[in-house]
Amino acid sequence: EADIYQTPRYLVIGTGKKITLECSQTMGHDKMYWYQQDPGMELHLIHYSYGVNSTEKGDLSSESTVSRIRTEHFPLTLESARPSHTSQYLCASSGHPGTGTDNEQFFGPGTRLTVL
Amino acid sequence: GIQVEQSPPDLILQEGANSTLRCNFSDSVNNLQWFHQNPWGQLINLFYIPSGTKQNGRLSATTVATERYSLLYISSSQTTDSGVYFCAVGWSGATNKLIFGTGTLLAVQP
């Protein structure tokens, strides 16, 4: 089944730890995105990728980094987590030849990160 | 950059009522999507509608690109319609970099 998967769904971690949020998609899409959403607020794009070995920063500055070694996999890493990183992180994908039009984005279930 | 404004910010309805949510944007767009965010934080795709009118069951949407607005209609609302409704746009200089509005929080009471 075509879908977007994110793990973990919830993560509570102490300050200074390195974390990686996983995102995988079986949609057949070439483009992938990471958005950050604070409680009760809108989403902001922090990273995007138009294909393997292609990554760009989004409109909202973030201390996280991403990689795109495989088409279906787009992990996000925080080298040293801080309480200011507490937020929800949502992964999305779009593009041919997968589901939807080339521009329509589909979202994973999100990861709720809490840094103590 | 492009600005996206949604109204109303909050809406309380009785079950069975109809509602209209509005999304205004400040520049030409070639990508517009409506989403429903459920209480668990999942974003559900409702419509991809950079122009024209679409319908899906009790929901329909219209985008008038020349006048820079989109409307989402919910008819015969149900408690499961509760949540936050987001409009997101992409403009010609950055079609795939969605800019989200601040959302409309809908509460449907039984």
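Presented here is a report on the structure given in the accompanying data block. (Residues numbered from 1 in each chain as written. Chains lettered and ligands numbered in written order. Predicted model: local features only at pLDDT ≥ 70, side-chain atom pairs only at ≥ 80, totals over all residues. Heavy atoms only, no water.)

**Quick look at the interface of chain B and chain A**
Part 1: Taken together, the contact between chain B and chain A spans 21 residues of the former and 25 residues of the latter.
Part 2: Note on chain B versus chain A: buried area summed over both sides is about 1,800 Å², and carbon and sulfur give 48% of it.
Part 3: When the buried surface of chain B facing chain A is broken down by residue, Tyr48(B), Asn96(B) and Lys97(B) rank first, second and third, together holding 33% of it.
Part 4: In this structure, the connection of chain B to chain A is made through one salt bridge.
Part 5: Across the salt bridge formed by Asp59(A) and Lys97(B), the nearest N and O atoms sit 3.5 Å from each other.
Part 6: Across the contact surface, chain B and chain A share seven residue pairs in polar contact (both at pLDDT 80 or more).
Part 7: Among the elements of the structure, β4 (29–37), β5 (43–48) and β10 (94–100) of chain B are those that each provide at least two residues to the side of chain B that touches chain A.
Part 8: Looking at the side of chain B that touches chain A, its residues break down into nine nonpolar, 11 polar and one charged. (Contact = heavy atoms within 4.5 Å. Buried area = accessible area lost by both parts, 1.4 Å probe. Salt bridge = Lys/Arg side-chain N within 4 Å of Asp/Glu carboxyl O. Polar contact = N/O pair within 3.5 Å; in protein donor to acceptor, adjacent residues only side chain to side chain. Helix = DSSP H or I, 4+ residues; strand = E, 2+ residues; numbered from the N terminus. Nonpolar A, V, L, I, M, F, W, Y, C, P; charged D, E, K, R; others polar.)

**Details of the state of the cysteines**
Part 1: Scanning the entire structure with this criterion turns up two disulfides over all chains.
Part 2: Paired by a disulfide, Cys23(A) and Cys91(A) hold their sulfur atoms 1.9 Å apart. Across the S-S bond of Cys23(A) and Cys91(A) the torsion is about -70°, and the bridge reads as left-handed. You can see Cys23(A) sitting in strand β3 (residues 19–25) and its partner Cys91(A) sitting in strand β9 (residues 87–94), a full 68 residues away along the chain.
Part 3: Paired through a disulfide, Cys23(B) and Cys87(B) show a sulfur-sulfur distance of 2.0 Å. Disulfide Cys23(B)-Cys87(B): the torsion about the S-S bond is -55°, which places it as left-handed. (Disulfide = S-S within 2.5 Å.)

**Focus on the environment of Trp34(B)**
Residue and element names in this part refer to chain B.
Part 1: As for its placement among the helices and strands, Trp-34 is situated in strand β4.
Part 2: Given a relative accessible area of 0%, Trp-34 falls into the buried group.
Part 3: For the pair Trp-34 and Leu-71, spaced 37 residues apart in sequence, the C-alpha separation works out to 9.4 Å.
Part 4: There is a polar contact of 3.0 Å between the side chain of Trp-34 and the side chain of Ser-70. (Buried < 20%, exposed > 50% of the residue type's maximum accessible area, 1.4 Å probe, protein only.)

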